[in-house]
Amino acid sequence: MSVTFAQSRVVGIGPDNRYYPVHNFQDDFQVYDEGARAYIPYIVEQHASQTAVSTYVDLESNRHYSLLISTQQDGYLFINAALKRKLHAGQWQVLSIDSLYRVYRQPEIFLTIYGSPGLSDKQLFIGYPKSATQKPVILSDDNLSVRPRPQAVYANFLGVGLLFLLATHAFLFTVYRRAFQRFYSLRDLFSLRAQEESFLINRPLSSVNMLFTLNLSFIIAYLIIFAQSRNLEVFASRTLLLSEQRFGWVASEFLVLSAITFISLMGKYVALEICGGLYKLQSIVNVHYFKVIQSSLLFFSILTLILTVIAYNTPSVTLPQKTLLIPLIGFYVGRLVLLYFVIRSLESIKNLYLFSYLCIVELIPLIIGLRFAL
């Protein structure tokens, strides 16, 4: 059985034909229609006189590729309606999609080429650079494009990371069993009568508390890496998690995220001390901080178990964005209510002062976090 291919061949594109074509935008261009007050598809018979053509470029799905632009006459390049550079006639402009992703911090950009009328002199491609050691590959114009096979960069790390978390929990349970049982006790969490003389509450910056806080940082960092592996946006910018995707890189990002989380939790205690001094509530600061760490350890540990069980048993299922957002909001709101009743049971204080204190140290950080997350 023989298969006949199209006769036309494409050896390469871009400067000195050094790139393989991944996607050609020739059929994706749009023009602005004054009557409809919207962008509509470019139609040769109707829009041959248009000097500005636009298209959306998906950055998130084309990382590690390059954007190649060429015009036969001088023109201008606009990105998200902002002028970026002049396009010189007959010269290729090569832009790194990874760099564009870091700069604009969004999954796609709106690109406009302004110059001479029509499309015949404009070329816009997503390309993949040829390797110097590779033999030339001839691609046929059969509407097929060759992409590198995606690598499961997270698979190995997620398994190793889960074993690492198991090891840290086993260590804490063996060496600090009494503290472990206290931190992971639902009964103790919902108890409104906190034991202020307890060694865990009385010394929030002791080595024991610091180790459990560090373990909480590991859990949160693992959850962030897990969410990214399932294409769940934790932060819109994804600045940290954008680089060469190897095991060592993912492990280093895990350590960076753990350090940032640990510093944030320590900053939480400093904020509680400052606000407690302002409102003359120093007596409840240690209890407040202990309840924060205790509730976070319980919630994020349970969430990690649930998500990993779902992920490993249903690897093909795509988790919706609300998988993390709704439980997180519910947890922080529930913790705020719990803290209110715990503090009320310990201290005789006017509701106005208590609400102000909780808003500053609990509600405002939650709102700011959601603002960046969304």
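Structure first, text after, so check above.
For the structure given in this document, a descriptive report is provided here.

So, how was this worked out
- Residues numbered from 1 in each chain as written.
- Predicted model: local features only at pLDDT ≥ 70, side-chain atom pairs only at ≥ 80, totals over all residues.
- Heavy atoms only, no water.
- Salt bridge = Lys/Arg side-chain N within 4 Å of Asp/Glu carboxyl O.
- 1 Å grid on protein atoms, 1.4 Å probe; cavity = no way out; pocket = protein on both sides within 12 Å on 5 of 7 lines; lining within 4 Å.
- Points joined across faces, edges and corners; volume = space filled by probe spheres on them.
- Helix = DSSP H or I, 4+ residues; strand = E, 2+ residues; numbered from the N terminus.
- Contact = heavy atoms within 4.5 Å.
- Pairing = 2+ DSSP bridges.
- Axes fitted to C-alpha atoms, helices over the stretch in contact; angles between N-to-C directions.
- Patch = residues over 30% accessible without salt bridge, like charges linked within 9 Å, V, L, I, M, F, W, Y side chains within 5 Å.
- Areas by Shrake-Rupley, 256 points an atom, 1.4 Å probe, with all protein chains shown as cover.
- Buried < 20%, exposed > 50% of the residue type's maximum accessible area, 1.4 Å probe, protein only.
- Polar contact = N/O pair within 3.5 Å; in protein donor to acceptor, adjacent residues only side chain to side chain.
- Phe/Tyr/Trp six-rings, centres within 6.5 Å; stacked < 30°, edge-to-face > 60°.

## Points about the pattern of salt bridges
Part 1 of the reasoning: Tallying each qualifying case throughout the model produces 5 salt bridges.
Part 2 of the reasoning: Among the salt bridges present, the one from K122 reaches D121, with a minimum N-O distance of 3.5 Å.

## As for empty space enclosed by the protein
Part 1 of the reasoning: Tallied over the entire structure, the rule returns 2 cavities of 30 Å³ or more.
Part 2 of the reasoning: If you add up the space inside the largest cavity, you get close to 40 Å³.
Part 3 of the reasoning: Around the largest cavity sit F183, L200, P204, N209, T213, Y289, F290 and I293, which together line it.
Part 4 of the reasoning: For the lining of the largest cavity, the secondary structure elements donating two or more residues are α7 (207-229) and α9 (282-313).
Part 5 of the reasoning: Taken together, Y332, V333, L336, E362, L363 and L366 make up the full set of residues lining the second largest cavity.

## Structural notes on the environment of L205
Part 1 of the reasoning: Along the polypeptide, L205 turns up in the loop between α6 (199-202) and α7.
Part 2 of the reasoning: Taking C-alpha positions, L205 is 8.9 Å from M266, a pair spaced 61 residues apart along the chain.
Part 3 of the reasoning: Excluding residues within four positions of it along the chain, L205 makes contact with M210, M266 and Y269.

## Overview of the sheet that holds strand β6 (residues 66-71)
Part 1 of the reasoning: The 4 strands are arranged β2-β11-β6-β9 in an open sheet whose pairing can be described as antiparallel. Looking at the sheet topology across the chains shown, the edges are occupied by β2 (19-24) and β9 (92-96). Neighbour-to-neighbour, the strand axes of this sheet turn through a mean angle of 35 degrees, independent of strand direction.
Part 2 of the reasoning: Note: β6 against strand β11 (residues 122-129), 6 bridges, orientation antiparallel. Its bridge partner being in β11, S70 is matched across the sheet by Q123.
Part 3 of the reasoning: Contacts from helix α2 (residues 97-104) reach β6, β9 and β11, with the element oriented near 60 degrees to β9.

## Considerations on a nonpolar patch on the surface
Part 1 of the reasoning: A surface patch of nonpolar side chains, amounting to about 400 Å² of accessible area, comprises L192, I329, V333, V337 and F341.
Part 2 of the reasoning: When you line up the elements, F341 lands in helix α10 (residues 322-346).

## So, the side chain of S295
Part 1 of the reasoning: With respect to the helices, strands and loops of the structure, S295 is situated in helix α9.
Part 2 of the reasoning: On the basis of relative accessibility, which here comes to 5%, the residue S295 falls in the buried class.
Part 3 of the reasoning: One polar contact links the side chain of S295 to the main-chain carbonyl oxygen of V292, over a distance of 3.1 Å.
Part 4 of the reasoning: Once residues within four sequence positions are removed from consideration, S295 is found in contact with L189, F331 and R335.

## Some words on the pairing of strand β8 (residues 82-87)
Part 1 of the reasoning: Relative to β8, strand β7 (residues 75-79) runs antiparallel, the two being bridged by 5 bridges. Bridged to L77 within β8 is R85.
Part 2 of the reasoning: Counting the residues that bridge the hairpin from β7 to β8 gives 2 residues, and of these N80 lies at a positive phi of roughly 55 degrees.

## Observations concerning the packing of aromatic side chains
Part 1 of the reasoning: The tally for this structure, following the rule as stated, stands at 22 aromatic pairs.
Part 2 of the reasoning: Judged by centre distance (4.8 Å) and plane angle (55 degrees), the rings of Y56 and F110 are tilted. Here Y56 is found in strand β5 (residues 52-58), whereas its partner F110 is found in strand β10 (residues 108-114), with 54 residues between them in sequence.
Part 3 of the reasoning: Both rings, one in F180 and one in F212, keep their centres 6.3 Å apart while their planes meet at 50 degrees; by these two values the pair is tilted. Taken together, the residues F180 in helix α4 (residues 177-183) and F212 in helix α7 connect sequence positions 32 residues apart.
Part 4 of the reasoning: A residue is classified by how much of its surface remains accessible, and F212, at 0% relative accessible area, is buried.
Part 5 of the reasoning: Taken together, the ring pairs in this structure connect F173, F180, F183, Y184, F212 and F290 into an aromatic cluster.

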